[in-house]
Amino acid sequence: MWCDVGIGKAEKMSTIKPVGLHHVTAIATDPARNVEFYTRVLGLRLVKQTVNFDDPGSYHLYYGDEQGAPSTLLTFFPWPDVPVGRSGPGLATVTAFAVPGNSLGFWDSRLTELGIGHERPRTVGDEEVLRLRDHDGIVIDLVATDGDARSGWDGVGGISTEHAVRGLHSITLSETDLDATAEMLTDLMSMSTAEETTESARFVMTPGEVASVVNLVTDSQDRGVQAGGTVHHVAFRAPDETTLSQWHDQLRDAGKHVTEILDRQYFKSIYFREPGGVLFEIATDTPGFDVDEPLLELGRHLKLPPWLEPNRTQIEANLPPLK
């Protein structure tokens, strides 16, 4: 089993490290149902209604806190005709959100009242966790977390501030073998090993910071199939474009196949795959989601980047309506 004990910083390849998780992007089916679940059930804010820049015939929906701050974001490509995917090795299989430490009872009752299937709160290691799935099968863990200063979003859903989701907590990657991915997380991405067994490992980007945990678990099932109800990619934070450029050069120099820096309107980013096959993105914190509409208006209207604006009429005609 891989272990980084005894590896000093001077021996590691990486000179920079991600601040934490930026966002997780998954594949959904019905966009209106997706909005209903994540705003009305989980109480997240729809902070951006736009399109997939690589496939403008479909939505890209972003959910998060009031401002859509990095570390709070879960985003979706809703493709109504997409086949059902299969969880398994090569995919991110659990997305965890932090909720206040005393709120799992509230969430247990709320989900029961709303008829949302879920597991009762349970202890996993040192954490209390409640697991649920959305209507497409995306696995969501709510993790009781003390000391998370993020404010959450209490604008809809009848969820008070004291119980509101604070933002991302961690992501779990399923792997056939942990070694190569573990080495990449530590040597190339400067993460620290927090826990390790023969079948799992936990890595931390910045100890004590929120949205800073990556879990690896071994999975002997057939390789996962990325489609409806699965995670598309996991994004990590870079504070600015200068740091993103350093990431690009470092990954390229390490022999990784990495994209050029892409303009995603609300951030700039690069993409590459970890050895097990999960697609990683590194995204800048800036400029943010209020770059093209006021804070109070976030998510209310379809926003397009300048290069797609001339095609607005055609794009809107091809998109199903959102309530």
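That block above? That's the structure.
Once a new chain begins, its residue numbering starts again from 1 and follows that chain's sequence as written. Per-residue local features of the predicted model are confined to residues with pLDDT of at least 70, and side-chain atom pairs are confined, for both listing and counting, to 80 or more; whole-chain, interface and lining totals are unaffected and use all residues. With hydrogens and water stripped out, all remaining heavy atoms of the structure feed into the side-chain values.

Q: Looking at this structure, I do not really get the environment of F76. What am I missing?
A: A helix here means a DSSP run of H or I that spans at least four residues, while a strand means a run of E at least two residues long, and both kinds are numbered starting from the N terminus. Mapped onto the elements, F76 comes out in strand 4 (residues 73-78). Buried, partly exposed and exposed residues are distinguished by accessible area as a fraction of the type maximum, computed with a 1.4 Å probe on protein chains only: under 20%, between the cut-offs, and over 50%, respectively. By relative accessible area, which is 0% here, F76 ends up buried. Measuring from C-alpha to C-alpha, the distance between F76 and V24 comes to 8.4 Å, with 52 residues separating the pair along the chain. By definition in these notes, contact holds between two residues if any of their heavy atoms fall within 4.5 Å. F76 has contacts with A26, I27, A28, N34, Y38, Y59, H60, L61, Y63, D134 and I138, leaving out every residue within four places of it along the chain.

Q: What is the right way to look at the sheet that holds strand 12 (residues 213-218) in this model?
A: Strand pairing in a sheet is mediated by backbone hydrogen bonds. Such pairs are either parallel or antiparallel. One open sheet accounts for 8 strands, arranged 6-7-8-5-9-12-11-10; its pairing is mixed. The sheet is open, and its two edges are formed by strand 6 (122-124) and strand 10 (192-196), each paired on a single side. Averaged over all adjacent pairs, the angle separating strand axes in this sheet is 30 degrees, with direction ignored. The pairing criterion for strands is at least two bridges between them, as found by DSSP. Interaxial angles span 0 to 180 degrees and are taken between N-to-C directions of axes, which are lines fitted to C-alpha atoms, for helices over the stretch in contact.

Q: Would you explain the nonpolar core in this entry?
A: Across soluble globular proteins, you tend to see nonpolar side chains buried next to one another. With 68 residues, the main nonpolar core has Y38 and F236 as its most contacted residues. With residues near it in sequence (within four places) discarded, F236 still touches P18, G20, L21, H22, M189, M191, M205, V214, F280, E281, I282 and A283. For the purposes of this section, nonpolar cores are sets of buried Ala, Val, Leu, Ile, Met, Phe, Trp, Tyr and Cys residues that join through side-chain atoms within 4.5 Å. If you look at the next biggest cluster of nonpolar residues, it comprises 8 residues, including L73, F267, A283 and L298.

Q: How should the sheet that holds strand 16 (residues 279-287) be read in this particular structure?
A: On the basis of which strands lie adjacent, the open sheet formed by 8 strands has the order 2-3-4-1-13-16-15-14 and mixed pairing. Each edge of the sheet is formed by a strand with only one pairing partner; in this case those strands are strand 2 (45-52) and strand 14 (262-263). Relative to strand 16, strand 15 (residues 267-273) is paired through 6 bridges, and the arrangement is antiparallel. Residue R273 lies in a different strand from strand 16, and its bridge partner there is L279.

Q: Could you clarify how one ought to interpret the packing of aromatic side chains in this entry?
A: Remark: the centre distance and the inter-plane angle together describe each pair of aromatic rings, the angle taken between the planes. Pairing of aromatic side chains here covers Phe, Tyr and the six-membered ring of Trp, requires ring centres within 6.5 Å, and sorts the geometry by plane angle: under 30 degrees stacked, over 60 edge-to-face, intermediate tilted. Per the counting criterion, the structure on display carries 13 aromatic pairs. Measuring from centroid to centroid gives 5.5 Å for F53 and W307, while their planes differ by 80 degrees, and the two rings are edge-to-face. Here the residue F53 occupies a position in the loop between strand 2 and strand 3 (55-64), and W307 occupies one in the loop between strand 16 and helix 5 (312-318), the gap between them amounting to 254 residues. Judged by its relative accessible area of 42%, W307 falls in the partly exposed class. Aromatic pair Y62 and Y266: ring centres 6.4 Å apart, planes at 75 degrees, arrangement edge-to-face. A residue pair is termed long-range when its members are at least 10 positions apart, and Y62 in strand 3 and Y266 in the loop between strand 14 and strand 15 qualify at 204 residues. Here Y62 matches Y266 in class, with each residue buried. The rings of F37, Y38, Y63 and F76 are connected pair by pair, giving a single aromatic cluster. Over the face of the ring belonging to W153 we find R45, whose NZ or CZ atom lies 4.9 Å from the ring centre. Two thresholds decide whether a charge sits over a ring: the Lys NZ or Arg CZ must be within 6 Å of the ring centre and within 35 degrees of the ring normal.

Q: Please clarify how helix 4 (residues 241-253) should be interpreted in this entry.
A: Because each turn of an α-helix spans 3.6 residues, side chains separated by three or four positions end up pointing in the same direction. An expected span of 1.5 Å times one less than the residue number is assigned to each helix. Between its first and last C-alpha, helix 4 extends 18 Å over 13 residues, near the 18 Å set by a 1.5 Å rise per residue. Inspection of helix 4 places T243, L244, W247, H248, Q250 and L251 among the buried residues, and these make up the whole buried set. Residues of helix 4 that are buried in the fold lie against helix 3 (179-188), strand 13 (231-238), strand 15 and strand 16. Polar contacts, as counted here, are pairs of nitrogen or oxygen atoms within 3.5 Å of one another; within protein the pair requires one atom able to donate a hydrogen and one able to accept it, and residues that are adjacent in sequence qualify only if both atoms are side-chain atoms. The distance from a side-chain oxygen at the start of helix 4 to the backbone nitrogen of T242 is 3.3 Å, and the residue carrying that oxygen is D240. Following helix 4 by one or two positions, G255 has its phi on the positive side, about 85 degrees.

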